[in-house]
Amino acid sequence: MPLPRFSLVHGVTPLHELPRLRAALGGPSRCPPILIKRDDLAGPAMGGNKARKLEYCVADALAADATHLVTVGATQSNHARMTAAAARLAGMRCVLVLTAAGAQAPQGNLFLDQLLDAELHFVAPGPVALGPNPHEDACVAAVMRRLEQQGGRPYFVALGASTPLGVVGYVEAMRELTRQCADLGGSAPPARLYFAAGSRGTQAGIVLGSILHCAPWTAHGIAVSPGDPDKTERAVELAAGAAELLGTHVRLTRDQIITHQEFYGAGYAVPTEEGDAAVRLVARTEAIFLDPVYTGKAMAGLIAHVQRGDIDQERPIIFLHTGGLPGLFAQADRLGDPADARPGCD
Ligand SMILES: *Cc1c(COP(=O)(O)O)cnc(C)c1O
C-alpha cells in the first residue's frame, strides 16, 4: 500500500538543458551537457526540496489529527517557510522556533513566515554551531506542552524534515527523474547528479531512490556545512528508516554516499566567492536564480569538477535545483549594488 501523501508539488517538475551555462564553461569540448531538475519549482510558496519531503510528513500529521505543525530552523530556513505554507494548506497552524544570534531584518524567508502568520519564537544559538541547542530543545518542549494543555495536538517536524518519511519524498523524486531521463531518449544516460547536501535527508532519498529505480548516475552531494562523518552516518540511518517504510530490504553503506567537502567555505550560510560567482553566472547565462547558502555552493562544486576536466564529456550531468530563492533576497544588501537614484540617462 502506498504511503499517505498530502499533495504539495502537483505534478512533475521540469528537466531541461542549460546550453548557455555549458557554453560559458567552455562548450562541448570542455563541458558535458548540463541538465537541471527544477525542484525550485516544486510546491507552493516559492518552492524547493522541502515540499517533496513535507508531503509525507504532513500526511502523517493529518493521520494523527494534528492541529499544529511545530518545527525548527535558522531565521532564513527554507524548511520553516515551507512548513508554515504546508500547515496553511492542510488546515493546521504552524509554530516556528528559529535560532537567531541577534535582531533579524524581516527579509526573505522570515518575511514570508510573517506573511503566512506562523507563530514565531526566537532562541539563541547553542554552544556548538549547528550542534545540539539546549535553548531550542527547551523552547520546543515548552511550545508542545502549552499547545497540549490548550487541547491542541501539536506534531513536531524535525529539522529540514529529514526524517524517514521526508526521505521517502526524494526516493519518489528519483522515480520521477529516472523516467524523465528515459523519456529524453537519444542522448547518453546522465553520469552524475549534483545537489546541495545539508541535513542529508535529501541525499539519503537521492542515493536510496537512485538504487531502487536503477538510475544511471552517481549522486554527488556538495556539503553546504561541516559535520562529517556523523552526517553520512545519519544519511545511512535515514535511508534505512525510509527503506523500512517502503518495505524494501535495500540498505545503504557509508561508501555509497559521496559528499564533497571543499565548497562550504567557513561554514553554513557563510558566503564563498565561488558560490557568489555561481549565483551570478547562472543568472546571467540561464536567467535562473540560485541562492548563496545552498544551491550557489552546490553549483560552485559542479563548476569546479567540470573545470578539473575529469568528467566524462559524452554523458550529461544533472544539477538538482533544491530552491532557496527567498534566501537570495535576504542577502541582496551584500550581493547587490546600491542604485544611483539621480534622474537622467548618462
Ligand atoms: C534544505 C535545503 C537543502 C538541503 O537539504 P537537506 O535534506 O537538508 O540536506 C538544499 N537546498 C535548499 C535550497 C534547501 O532549503
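Before reading on, note that the structure itself is shown above.
On a predicted model such as this, the values are computed, not experimentally measured, just so you know.

## Regarding the overall build of the chain
Step number 1: Helices and strands together make up the secondary structure of the chain, namely 12 helices and 10 strands.
Step number 2: Here the chain has a C-alpha radius of gyration of 20 Å; the compact-globule value for 346 residues is 20 Å, and the two agree.
Step number 3: Expressed along its principal axes, the backbone C-alpha trace of the chain runs to roughly 65 × 65 × 35 Å.
Step number 4: Looking at the 346 residues of the chain, the share that counts as buried comes to 53%.
Step number 5: Across the chain, every contact between residues at least 6 apart in sequence was considered, and the portion connecting residues at least 24 apart equals 78%.
Step number 6: For the chain, the computed accessible surface area is about 15,400 Å², with 55% contributed by carbon and sulfur atoms.
Step number 7: Of the charged side chains in the chain, 30 are positive and 34 negative; the average position of the first set lies 2 Å away from that of the second.

## Examining the pattern of salt bridges
Step number 1: For the structure shown, the criterion picks out 14 salt bridges.
Step number 2: A salt bridge links R88 to D117; the nearest nitrogen and oxygen atoms lie 4.0 Å apart. Placement of the pair is R88 in helix α3 (residues 78-90) and D117 in the loop between α4 (108-115) and β5 (119-123), with a sequence separation of 29 residues.
Step number 3: Looking at R88, the relative accessible area reads 38%, which means it is partly exposed.
Step number 4: Given a relative accessible area of 46%, D117 falls into the partly exposed group.
Step number 5: A salt bridge links D276 to R334; the nearest nitrogen and oxygen atoms lie 2.8 Å apart. Of the two residues, D276 is situated in helix α9 (residues 273-286) and R334 in helix α12 (residues 332-335); the sequence distance between them amounts to 58 residues.
Step number 6: Among the residues examined, D276 registers a relative accessible area of 10% and is labelled buried.
Step number 7: Assessed through its relative accessible area of 39%, R334 is described here as partly exposed.
Step number 8: Three or more residues joined by partner-sharing salt bridges are found here, namely K37, D39, R52 and E176.

## Some words on the side chain of S162
Step number 1: By the secondary structure assignment, S162 is in the loop between β6 (154-157) and α6 (164-184).
Step number 2: A polar contact of 3.0 Å, which involves the side chain of S162, links it to the side chain of K53.
Step number 3: S162 has contacts with K53, S199, R200, G201, R234 and L238, leaving out every residue within four places of it along the chain.

## Thoughts on the site of the ligand
Step number 1: Around the ligand sit 16 residues in total, of which K50, K53, S199, T202 and T322 are the nearest.
Step number 2: S199 places a side-chain nitrogen or oxygen 2.5 Å from an oxygen atom of the ligand.
Step number 3: Measuring from an oxygen atom of the ligand, one finds a backbone N or O atom of G201 at 3.4 Å.
Step number 4: Contact with the protein chains hides 98% of the accessible area of the ligand, taken as 380 Å² for the molecule alone.

## What about α9?
Step number 1: Taking 1.5 Å as the rise per residue, α9 with 14 residues should run 20 Å; its terminal C-alpha atoms sit 20 Å apart, in good agreement.
Step number 2: Among the residues making up α9, those that are buried are G275, D276, A278, V279, V282, T285 and E286.
Step number 3: At its buried positions, α9 is contacted by α1 (19-24), α10 (295-308), α11 (325-329) and α12.
Step number 4: One or two steps after α9, the chain reaches A287, where phi turns positive at roughly 55°.

## Things to note about the packing of α9 against α10
Step number 1: Their axes nearest at 7 Å, the elements α9 and α10 cross at an angle of 90°. Taken together, α9 and α10 sit at an angle that is classed as roughly perpendicular. On α10, the residues touching E274, G275, A278, V279, L281 and V282 of α9 are G296, K297, M299, A300 and I303.

## Observations regarding the packing of α6 against helix α7 (residues 201-212)
Step number 1: Where α6 contacts α7, the two axes come as close as 7 Å, and the packing angle between them is 40°. The pairing of α6 with α7 is recorded here as oblique in orientation. In this structure, α6 meets α7 at a crossing whose hand is right-handed. Judged by residue contacts, V167, Y170, V171 and M174 of α6 engage G201, T202, A204, G205, I206, L208, G209, S210 and L212 from α7.
Step number 2: Among the residues making up the contact of α6 with α7, the classes are represented as eight nonpolar, five polar and no charged.

Cut-off values and rules
Residues numbered from 1 in each chain as written. Predicted model: local features only at pLDDT ≥ 70, side-chain atom pairs only at ≥ 80, totals over all residues. Heavy atoms only, no water. Helix = DSSP H or I, 4+ residues; strand = E, 2+ residues; numbered from the N terminus. Rg over C-alpha atoms; globule rule 2.2 N^0.38 Å. Buried < 20%, exposed > 50% of the residue type's maximum accessible area, 1.4 Å probe, protein only. Contact = heavy atoms within 4.5 Å. Areas by Shrake-Rupley, 256 points an atom, 1.4 Å probe, with all protein chains shown as cover. Lys, Arg positive; Asp, Glu negative; His and termini not counted. Charge placed at Lys NZ, Arg CZ, Asp CG, Glu CD. Salt bridge = Lys/Arg side-chain N within 4 Å of Asp/Glu carboxyl O. Polar contact = N/O pair within 3.5 Å; in protein donor to acceptor, adjacent residues only side chain to side chain. Near = heavy atom within 4 Å. Expected span 1.5 Å × (residues − 1). Axes fitted to C-alpha atoms, helices over the stretch in contact; angles between N-to-C directions. Parallel < 35°, antiparallel > 145°, perpendicular 65-115°, else oblique. Left-handed = near helix turned anticlockwise from the far one by under 90°. Nonpolar A, V, L, I, M, F, W, Y, C, P; charged D, E, K, R; others polar.

Shape is all these values report; function is a separate question.
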